[in-house]
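# An overview of the molecular structure
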Amino acid sequence: MPDQPAPFLRIDGVSKTFGTFQAVKDVSLTIAKGEIFALLGGSGCGKTTLLRMLAGFEEPTAGRIWLDGQDMTGVPPWERPVHMMFQSYALFPHMSVAKNIGYGLKHEKLTKDQRMARVREMLDLVQLTPFADRKPHQISGGQRQRVALARALARQPKLLLLDEPLAALDKKLREHTQFELMSIQERTGVTFIVVTHDQEEAMTLADRIAVMDKGQVKQVGAPGHVYEHPDSRFVANFLGSITQFPARVSSVATDRATVEVPAFGATVETGLIPGLAAGEALTLAIRPEKLTILREKPAGLNAIPGEIKDLAYFGKDSLYRVILPSGELISVHAVNAKREDNRPDWYDKIWLGFEPASAILLRD
Amino acid sequence: MKRRPWFLFTMLAFGFAFFYIPILSMIVYSFNGSRLATVWGGFSTKWYASLFSNRQVGAALVLSVQIALISATVATILGTMAGLALARFTKFRGRLLFTGMVTAPLVMPEVITGISTLMFFILMADWVGWPGSRGFTTITLAHITFSMVFVTTVVQARVSQSDRAIEEAAMDLGSRPWQVLWDVTLPTIFPAVLSGWLLAFTISLDDVVITSFTTGPGNTTLPLLIWSKVKLGVTPDINALATLIVLAVGAGVIIAGIVLNRAEARRARDERLAYRANE
Ligand SMILES: Nc1ncnc2c1ncn2[C@@H]1O[C@H](COP(=O)(O)OP(=O)(O)OP(=O)(O)O)[C@@H](O)[C@H]1O
Ligand SMILES: [Mg+2]
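Heads up: these notes are all about the structure in this document. (Residues numbered from 1 in each chain as written. Chains lettered and ligands numbered in written order. Predicted model: local features only at pLDDT ≥ 70, side-chain atom pairs only at ≥ 80, totals over all residues. Heavy atoms only, no water.)

## Some words on the overall build of chain A
When helices and strands are counted, chain A shows eight helices and 20 strands. Summarising its shape, the C-alpha atoms of chain A cover approximately 75 × 50 × 40 Å along the three principal directions. Within the span of chain A, comprising 364 residues, buried residues form 52% of the whole. In chain A, the share of contacts with a sequence separation of at least 24, taken over all contacts with a separation of at least 6, comes to 65%. Counting every atom, chain A has about 17,000 Å² of accessible surface; 51% of that belongs to carbon and sulfur. (Helix = DSSP H or I, 4+ residues; strand = E, 2+ residues; numbered from the N terminus. Buried < 20%, exposed > 50% of the residue type's maximum accessible area, 1.4 Å probe, protein only. Contact = heavy atoms within 4.5 Å. Areas by Shrake-Rupley, 256 points an atom, 1.4 Å probe, with all protein chains shown as cover.)

## Side note on helix 5 (residues 110-128) of chain B
Residues and elements named next belong to chain B. Between the first and last C-alpha of helix 5 there are 26 Å, a value that for 19 residues agrees with the 27 Å anticipated at 1.5 Å per step. Buried residues of helix 5: Thr113, Gly114, Thr117, Leu118 and Phe121, and no others. Buried residues along helix 5 cover an arc of 130° about the axis, so they all sit on one side. Turned more than 90 degrees away from the buried face of helix 5 sit Asp126 and Trp127, all of them exposed. (Expected span 1.5 Å × (residues − 1). Arc of directions from axis to C-beta.)

## Remarks on the site of ligand 1
Residues and elements named next belong to chain A. Neighbouring ligand 1 are 13 residues, the closest being Ser43, Gly44, Lys47, Thr48 and Thr49. Glycine 46 places a main-chain nitrogen or oxygen 3.0 Å from an oxygen atom of ligand 1. The separation between an oxygen atom of ligand 1 and a polar side-chain atom of threonine 49 is 2.5 Å. When the free accessible area of ligand 1 is taken as 640 Å², the share hidden by the protein chains comes to 61%. Taken together, the elements giving at least two residues each to the shell around ligand 1 come down to strand 2 (21-31) and helix 1 (47-55). The dominant element in the shell around ligand 1, judged by the number of residues it contributes, is helix 1, at three residues. Tallied by class, residues from the shell around ligand 1 come to four nonpolar, seven polar and two charged. (Near = heavy atom within 4 Å. Polar contact = N/O pair within 3.5 Å; in protein donor to acceptor, adjacent residues only side chain to side chain. Nonpolar A, V, L, I, M, F, W, Y, C, P; charged D, E, K, R; others polar.)

## Considerations on the interface of chain A and chain B
With 33 residues of chain A at the interface, the matching set in chain B holds 25 residues. The largest share of the area that chain A buries against chain B comes from A:Trp78, A:Tyr103 and A:His137, three residues that together contribute 26% of it. Taken together, the connections running from chain A to chain B amount to three salt bridges. Two residues, B:Asp183 and A:Lys106, come together in a salt bridge whose shortest N-O distance is 2.4 Å. Between the two partners, chain A and chain B, sit eleven residue pairs in polar contact (both at pLDDT 80 or more). Elements supplying a minimum of two residues to the side of chain A that touches chain B: helix 1, strand 6 (82-85) and helix 4 (141-153) of chain A. The biggest single contributor to the side of chain A that touches chain B is helix 4 of chain A, with five residues. When the residues that make up the side of chain A that touches chain B are grouped by side-chain class, the tally is 15 nonpolar, ten polar and eight charged. (Buried area = accessible area lost by both parts, 1.4 Å probe. Salt bridge = Lys/Arg side-chain N within 4 Å of Asp/Glu carboxyl O.)

## A few points about the pairing of strand 17 (residues 317-323) of chain A
All names here are of chain A. In this sheet, strand 17 lies alongside strand 16 (residues 302-313) in antiparallel orientation, the contact comprising six bridges. The partner of alanine 312 across the bridge, within strand 17, is leucine 319. Across seven bridges, the pairing between strand 17 and strand 18 (residues 329-335) is antiparallel. Within the sheet, the bridge partner assigned to arginine 321 lies in strand 18 and is serine 331. The antiparallel hairpin formed by strand 17 and strand 18 contains five residues in its connecting segment, where glycine 327 sits at a positive phi of about 95°. (Pairing = 2+ DSSP bridges.)

## Details of the environment of A:Ile184
Residue and element names in this part refer to chain A. Its location among the elements puts isoleucine 184 in helix 5 (residues 171-188). Relative accessible area serves as the criterion here: at 2%, isoleucine 184 is assigned to the buried category. Once the C-alpha coordinates of isoleucine 184 and valine 126 are considered, the two residues, 58 residues apart in sequence, prove to be 8.4 Å apart.

## Quick notes on the sheet that holds strand 1 (residues 9-18) of chain A
Residues and elements named next belong to chain A. Reading across the sheet, the four strands line up as 2-1-4-5 and stay open at both edges, with antiparallel pairing between neighbours. Of all strands in the sheet, those bounded by a partner on one side alone are strand 2 and strand 5 (70-71). As paired strands, strand 1 and strand 2 are joined by seven bridges and run antiparallel to one another. Among the inter-strand pairings, arginine 10 is bridged to a residue of strand 2, identified as threonine 30.

## A short note on the sheet that holds strand 13 (residues 266-270) of chain A
In a beta sheet, neighbouring strands pair by backbone hydrogen bonds and run either parallel or antiparallel. Residues and elements named next belong to chain A. Sheet architecture is open: five strands sit in the order 13-12-11-14-20, paired in antiparallel fashion. The open sheet has two free edges, formed respectively by strand 13 and strand 20 (360-362), since each of these has just one partner strand. Averaged over all pairs of adjacent strands, the angle between their axes in this sheet comes to 45°, without regard to strand direction. (Axes fitted to C-alpha atoms, helices over the stretch in contact; angles between N-to-C directions.)

## What about the packing of aromatic side chains?
Residues and elements named next belong to chain A. In the structure shown here, the tally under the stated rule is 13 aromatic pairs over all chains. Both rings, one in phenylalanine 57 and one in phenylalanine 86, keep their centres 6.0 Å apart while their planes meet at 40°; by these two values the pair is tilted. Of this pair, phenylalanine 57 sits in the loop between helix 1 and strand 4 (62-67) while phenylalanine 86 sits in the loop between strand 6 and helix 2 (97-102); the two residues are 29 residues apart in sequence, bridging distant segments of the chain. Classification of phenylalanine 86 as buried rests on a relative accessible area of 5%. Pairing phenylalanine 234 with phenylalanine 238 gives two aromatic rings, centres 5.5 Å apart and planes at 20°, and the pair type is stacked. In this pair, phenylalanine 234 and phenylalanine 238 both sit in helix 8 (residues 233-238), four residues apart, roughly one turn of the helix. Relative accessible area serves as the criterion here: at 26%, phenylalanine 234 is assigned to the partly exposed category. One aromatic cluster is present, formed by Phe245, Phe264 and Phe354 through successive ring pairs. (Phe/Tyr/Trp six-rings, centres within 6.5 Å; stacked < 30°, edge-to-face > 60°.)

## Focus: the side chain of A:Glu201
Residue and element names in this part refer to chain A. For glutamate 201, the location among the structural elements is in helix 6 (residues 199-205). Residue glutamate 201 is classed as buried on the basis of its relative accessible area, which comes to 2%. Within the structure, glutamate 201 has its side chain in polar contact with the side chain of arginine 174 (distance 3.2 Å). In contact with glutamate 201, other than residues within four places in its own chain, are Leu166, Arg174, Gln178 and Thr196.

Dropping the structure here:
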């Protein structure tokens with residue numbers, strides 16, 4: 001991510017309450033022009049509600065939304081330069097594919113020829129020209145998804161909201177469509193906000209992601225940053241897999257800290273987080289791929305003894321479950337980079353090594 | 001499991017017999033040459049001939065159809081609006097009262113509806129001098145009010161099932177609520193509106209009770225005419241008239257069935273083809 005451009009969309013302290021239930025709590029985000037931004041979170045965490053407020057279907061209970069410098073408060077959906085691709089696609093069942101795509105264009109001052117040209121351009125973009133005259137029930141699920149996308153793009157919105165755009169597709173079509181979405185975004189330059197609960201999809205598609213939990217945004221950043229530097233246990237757990245242990249800081253030096261982890265039966269070296277003080281209780285988390293399995297105790301690395309409890313060999317990589325002296329389990333992911341017959345096996349006594357910088361310290 | 005559910009079959013047979021034997025015997029007796037309803041006097045079509053030359057029957061039929069057309073159309077417009085409001089605006093002041101008032105006539109005995117409508121017309125005539133006499137207008141108004149309920153119920157059921165998201169999609173693409181109604185909502189609920197209209201039309205066409213309360217001198221609808229004739233004894237020309245009505249209704253039902261079946265079959269075939277041909 002280059003340095004922050006001027007915000008194109010600013011969500012400022014937005015909350016939404018249904019009756020007594022707070023679906024969205026004090027969300028603030030800024031999104032740059034041309035960005036693909038993903039909202040990621042579990043079911044019911046308020047992603048759709050946030051999108052609906054951006055589209056104008058719901059008014060925020062508190063807070064404001066600014067789009068391109070304009071306050072969106074009280075602006076009805078039909079006047080917002082924001083289009084939405086619905087989770088269910090919501091195609092008009094009684095109109096052909098071409099009519100569906102051209103529907104929004106009747107509100108623009110275009111001649112019939114211009115309108116038809118735009119529809120053709122859109123059909124071309126999503127490769128549906130041969131299906132122009134079909135009704136939505138006469139095309140497949142993947143094609144419906146593309147019609148919904150073309151319809152939302154036809155009026156050239158400033159902002160496109162996509163609510164679980166790929167949820168209804170099977171795995172193969174889904175991967176293919178992810179790249180298609182990205183290339184369409186690149187060609188049109190429209191700002192995308194994509195809602196998903198699939199973390200891999202979010203990481204593949206997005207320039208930046210926001211992880212939501214119970215109506216709140218827990219963390220925002222580039223996928224790589226959020227993955228490597230989660231700032232809460234929730235985010236660490238939500239993105240990828242991770243093993244977490246209670247820990248206590250024993251001493252703090254200028255560039256590293258020594259942390260006592262009862263589960264390891266040892267102290268380990270870690271990087272620093274702001275305000276770290278000796279005696280502080282926190283959580284140490286480590287991702288499976290950051291650990292190395294070694295036969296001998298390594299020097300210059302953190303080292304923990306263990307015994308292999310379980311393993312799964314996939315060919316290019318392997319997954320191990322290692323039992324620690326305290327009886328707790330830790331996951332290790334190893335890439336089988338070398339051709340070797342003497343791999344760690346069941347009940348082998350081994351050492352786990354990791355760089356001080358690989359350990360993540362979490363307070364929240 | 002070999003045992004036949006003979007009890008069910010017997011009940012079914014009795015049910016059908018109970019329903020269709022009177023209609024069949026009515027059709028048979030409409031071709032009766034004798035003037036007496038219970039004595040077979042040979043095959044004849046003379047009652048049909050006398051029916052077609054009967055001015056009174058013709059006038060009553062025209063009046064009934066006129067009233068049914070107008071009241072069904074107005075009831076469909078009002079009923080559709082009420083159905084949309086009930087299904088879509090889930091929160092508004094007085095919703096419960098409105099729901100109750102809209103659906104009460106469904107369970108209200110017709111006599112009560114008839115009397116209260118009559119009272120209303122009499123009071124109105126007293127206070128504002130309208131309606132001066134009862135007849136076409138008052139019957140039509142009464143039919144509108146009570147057949148509207150049926151349209152409302154049918155439309156409301158259909159709208160609550162339909163996907164709210166397609167209306168939001170239209171709004172999102174720049175259409176104001178009225179335009180959304182016209183472009184998206186009405187076309188998708190059109191079958192329900194049409195069946196609501198047909199329901200209102202038939203209810204109006206065969207109503208006796210409410211019509212008899214709200215009619216005035218010289219305004220005899222077909223059901224009223226039949227009713228008053230039957231009071232003097234069933235004559236074969238009434239059988240002939242009823243037979244014609246049964247045939248008309250039967251033909252309508254069959255045609256509607258064929259049209260709907262065709263459309264459904266075509267849709268199913270398209271869908272199958274789409275899934276096979278794609279990807
Ligand atoms: N109109 C409403 N009235 C009351 N509660 C609502 C309403 N809309 C949403 N909610 C509640 O708000 C919460 C957030 O809903 P939302 O649809 O935004 O979740 P989501 O993150 O999109 O979930 P999913 O991934 O399952 O789609 C849920 O608990 C939901 O029950
Ligand atoms: Mg959702």
